[in-house]
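Working through the structure, step by step
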Amino acid sequence: MTRILNIENLRVDLAARGKLVSPVGPVDLFLDSGECLGIVGESGSGKSLTLKAILDLLPDGLSRGTGTQQVVEGGILVERAPRDLRGRKISLISQEPGTALDPLMRVGDLIAEIVREHSGCSRAESQSRAVELLRRVGVPDPENRAKFWPHEMSGGLKQRVVISMALACESEILLCDEPTTALDVTIQAQIVDLLRELQRLEGLGILFVTHDLALVRQIANRICVMYAGLIVESGPSAEIFANPKHPYTRALLAALPDIEASTGDLMPIEGTPPGPAEFPPGCRFAPRCPLADGQCLSKRPMLEALGTGVRVACFKSEKGP
Amino acid sequence: MSAWLQVRDLSVDFRVGGSSRSPLVLRALRSVSFDVAKGTVFGIVGESGCGKSTLARVLSGLTAPTGGSVSLEGVAFGSVRAPTERRRIQMVFQDPGSSLNPAMTTRRMLSQLLNYHRIVPKELVEQRCRELMAHVHMPVEALDKKPGGLSGGQRQRIAIARALALEPDILVADEPTAALDVSVQASVLRLLATLIRELGMTMVFISHDMAVVRRVCDHVAVMYLGRIVESGETEEVFLRPQHPYTNALMAAVPRLHPLPASEYQMLKAEQPSPLAQIDGCAFRNRCPKSGASCATDIPALTGTSHLVACHYPKAHPPSGDTAGVQDRNILGG
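Treat the numbers as computed from the prediction; the structure is a model and nothing was measured.

1. A short note on the overall build of chain B
The number of helices and strands found in chain B is 10 helices and 11 strands. With respect to the principal axes defined by its C-alpha atoms, chain B has extents near 70 × 55 × 35 Å. Put simply, chain B has 333 residues, and 44% of those count as buried. The long-range fraction of contacts in chain B, counting pairs at least 24 apart against all pairs at least 6 apart in sequence, stands at 64%.

And the structure:
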């Protein structure tokens, strides 16, 4: 496994009433080839903003404060600007595939245009490559479906088309922002299966953002848990689910209904996550944390390695039950 | 079980276009029947387009059925319900952000309801409002707030209080936690469980989330394209599914302890359009074991306590032996 993406010190800024607040960061991330990194968190945790900040595709009003990203080129990591990466080395797959497809172009033409842009091949050749790509992502009857308009396709098929567009860009990294949230569970299973296959066969690296812990368990090798704009715990997915260290990760798992269980009490987390303007000075989870003491309220814990490959930002993680 | 709520042959057709000579009709519900016993929770699961939300709207009287009946304690509702009838089945909607009036404080909303339906005498309205806040575990100050001043979970509690204000016999909850984060979902599910226990409420719980349904519901019905394909006690249906669709749904649910790859059964293709004319079983194009009769005959929902609508239902060993859940006997074909 080689490192294909390295992100350091990524911060998203928001200018609010003359005061600068940072809804995300600073955050460090890395990705190896053929690996899937899951980023989980609840709404407002900054998981989607992190993903968008990598490609500098932030919504109006937000800006990238700091951050560098290195990608692998010819075997070495080099620093590249977001505009040199998007649609090339890195592609974004959003929650709503409808918004990523031009409603006035047949899906085959959409893909063919990208193929021509990237390889400079002829019109006819790009069309047959488009059909090939649709077949590659499991679209049934690709010759016919290439002539469909986006509105004629179901959500699951549209998401496959978006994935095939990323393949047409010859991207090595897919940033997936809740790509299955709008889909039914049986279709979600199909898309997750496709992503895994691409990861295995083509060595694609995937950054997978979701609020669904069970889903991230299914797809990610490694996960980062985000809370209030910061990573609070990261490490191998199996290890974190078996042995969560951060009180927030533990609380999330205790609140989650698992399909395997019919009984047992679900534990809600009291209080609400803070907004960017009211982030507490110390640990951002401290006001809701059952283990918090004076130190937690005044000083921010940094991510520290625990030896099992897990990194956790908590003063109490060793002493916790 | 003794039927408290009885639903018989419910059908709903929506005209969605076409000409007057050949109208395009979407058959959202097709001959749906089930019973709900008093004090129990009846779950309805299915994917988008299966008709579960239409069913919720028919139960609470918001959509008139094309055919069939809904009756409570043996008395059928008319197609237009009187206020006293409407009161008896109340609904909690998916998104409290859009189901609550943003310009109204909680107090104004609740007292309007209590006065209109004459639930309590005028002088007791304020007291009743406070009691309702206590029921949904909200501080009394929430009565002075508008929805904009409340978080998503708090708004859903207010929506539940609004439904409870009319002292209904049945609460219909349509994906009540789908818009909430898991940490908040847990508190709303807890609240619903408490209400059922303490107030003896009967609930119809509609969801696409199988894990939540397994926690909350005593009985469950699985819907596919407007029909119930399997129903019974939740544990029985989820652990020993007989319909191939239920089986596939269970296999597709992401789990914290992933199934080994060999037990991972993927459904091919997608749900057909609800506008399509389908002869025989609607699940046929995705079914791993469809046979000749599936193309011609619509399977009826049959059985005694565990009902299934399939020509080739999966047999399970009689005991609680779960090893048989994954057996691969392909019958027929």
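After that view, the rundown keeps rolling.
2. Quick look at the overall build of chain A
What chain A contains, in helices and strands, is 12 helices and 12 strands. Relative to the compact-globule value of 20 Å for 321 residues, chain A shows a C-alpha radius of gyration of 21 Å, a close match. For chain A, the C-alpha atoms occupy an extent of roughly 70 × 50 × 40 Å along the three principal directions. By residue count, 48% of the 321 residues in chain A fall in the buried class. Residue pairs at least 24 apart in sequence account for 64% of intrachain contacts in chain A once pairs closer than 6 positions are excluded.

3. Examining the interface of chain B and chain A
On the chain A side, the residues contacting the 30 residues of chain B number 33 residues. Ranked by residue count, the leading element in the side of chain B that touches chain A is helix H7 (residues 182-199) of chain B, at 7 residues. Residue classes in the side of chain B that touches chain A are distributed as 16 nonpolar, 6 polar and 8 charged.

4. Concerning the pairing of strand S7 (residues 170-174) of chain B
Sheet faces and side chains relate simply in a regular strand, where the side chains alternate between the two faces. Residues and elements named next belong to chain B. Most of S7 sits out of view: 5 of its 5 residues are buried. Neither face of S7 is left uncovered, since the one carrying Ile170, Val172 and Asp174 and the one carrying Leu171 and Ala173 both have all their residues buried. Both strand S6 (residues 89-92) and S7 contribute to a ladder of 4 bridges, which runs parallel. Each residue of the ladder has a partner; that of isoleucine 89, found in S7, is isoleucine 170.

5. A closer look at the nonpolar core
By size, the foremost hydrophobic cluster in this structure holds 182 residues, and its most contacted members are Ile111, Leu175, Leu207 and Phe208 of chain A together with Val204, Phe205 and Val222 of chain B. In terms of residue count, helix H7 (residues 155-168) of chain A provides more of this core than any other element does, 8 residues in total. Residue assignment places this core across two domains, with domain 1 (3-89 + 171-312) and domain 2 (99-170) of chain A each supplying three or more. Contacts of leucine 207 of chain A, omitting those with residues within four sequence positions, involve Leu31, Leu37, Ile39, Leu51, Leu175 and Cys176 of chain A.

6. Describing the environment of valine 80 of chain B
Residue and element names in this part refer to chain B. On the secondary structure map, valine 80 appears in the loop between strand S5 (75-76) and helix H2 (83-86). The exposed category is assigned to valine 80, around which 9 C-beta atoms lie within 10 Å. Between the C-alpha atoms of valine 80 and arginine 15, which are 65 residues apart in sequence, the distance is 20 Å.

7. Some details on the environment of glutamate 113 of chain A
Residue and element names in this part refer to chain A. Examined against the element boundaries, glutamate 113 turns out to sit in helix H4 (residues 107-119). A residue is classified by how many C-beta atoms lie within 10 Å of it, and glutamate 113, with 17 of them, is partly exposed. Along the primary structure glutamate 113 and alanine 130 are separated by 17 residues, whereas in three dimensions their C-alpha atoms are 8.9 Å apart.

8. Quick look at the sheet that holds strand S8 (residues 205-210) of chain A
Residues and elements named next belong to chain A. Spatially, S6-S7-S8-S3-S9-S10-S12-S11 is the arrangement adopted by the 8 strands of the open sheet, whose pairing is mixed. On the outer flanks of this sheet lie strand S6 (90-93) and strand S11 (304-305), each paired with one strand and no other. Relative to S8, strand S7 (residues 173-177) is paired through 5 bridges, and the arrangement is parallel. Note on S8: the bridge partner recorded for leucine 174 is isoleucine 206.

9. Section: the packing of H4 of chain A against H7 of chain A
Residues and elements named next belong to chain A. In the contact formed by H4 and H7, the axes pass within 9 Å of each other and the chain directions differ by 15°. It follows that H4 is roughly parallel to H7 by the angle criterion. As for how H4 packs across H7, the hand of that crossing is right-handed. Residues Val107, Leu110, Ile111, Ile114, Val115 and His118 of H4 form the contact with H7, whose own contacting residues are Val161, Ser164, Met165 and Ala168. Across the contact of H4 with H7, the residue classes break down as 8 nonpolar, 2 polar and no charged.

10. A few points about helix H1 (residues 52-59) of chain B
Counting buried residues in H1 of chain B gives 6 out of 8 residues, a clear majority hidden from the surface. What H1 of chain B keeps buried is the set Lys52, Thr54, Leu55, Ala56, Val58 and Leu59 of chain B.

11. Quick notes on the environment of cysteine 296 of chain A
Residue and element names in this part refer to chain A. Mapped onto the elements, cysteine 296 comes out in helix H12 (residues 294-298). Expressed as a C-alpha distance, the spacing of cysteine 296 and lysine 316, which sit 20 residues apart in the sequence, is 8.6 Å. Setting aside residues up to four positions removed in sequence, cysteine 296 forms contacts with Gly282, Cys283, Ala286, Cys289 and Phe315.

12. A short note on the domain arrangement of chain A
Frequently, the measure chosen for interface size is the accessible area that the parts lose on association. Residue and element names in this part refer to chain A. Split into domains, chain A comes out as domain 1 (3-89 + 171-312) and domain 2 (99-170). Taking only C-alpha atoms into account, the centre of domain 1 sits 30 Å from that of domain 2. On the domain 2 side, the residues contacting the 11 residues of domain 1 number 10 residues. Among the elements that line the side of domain 1 that touches domain 2, the one with the most residues is helix H8 (residues 185-202), at 4 residues. Of the residues assigned to the side of domain 1 that touches domain 2, the class counts are 7 nonpolar, 3 polar and 1 charged.

13. With respect to the sheet that holds strand S5 (residues 76-79) of chain A
All names here are of chain A. Spatially, S2-S1-S4-S5 is the arrangement adopted by the 4 strands of the open sheet, whose pairing is antiparallel. Whereas interior strands pair on both sides, the edge strands pair on one side only; in this sheet they are strand S2 (19-32) and S5. For this sheet, the mean angle separating the axes of adjacent strands, direction not counted, is 15°. In this structure, strand S1 (residues 3-16) lies alongside strand S4 (residues 62-73), joined through 8 bridges in antiparallel fashion. Across the sheet, residue aspartate 13 finds its bridge partner in S4, namely serine 63.

The rules behind each value
Residues numbered from 1 in each chain as written. Chains lettered and ligands numbered in written order. Predicted model: local features only at pLDDT ≥ 70, side-chain atom pairs only at ≥ 80, totals over all residues. Helix = DSSP H or I, 4+ residues; strand = E, 2+ residues; numbered from the N terminus. Buried ≥ 20, exposed ≤ 12 C-beta atoms within 10 Å, placed from the backbone. Contact = placed C-beta atoms within 7 Å. Rg over C-alpha atoms; globule rule 2.2 N^0.38 Å. Nonpolar A, V, L, I, M, F, W, Y, C, P; charged D, E, K, R; others polar. Pairing = 2+ DSSP bridges. Core = buried A, V, L, I, M, F, W, Y, C linked by C-beta atoms within 7 Å. Domains from an automatic or database assignment. Axes fitted to C-alpha atoms, helices over the stretch in contact; angles between N-to-C directions. Parallel < 35°, antiparallel > 145°, perpendicular 65-115°, else oblique. Left-handed = near helix turned anticlockwise from the far one by under 90°.

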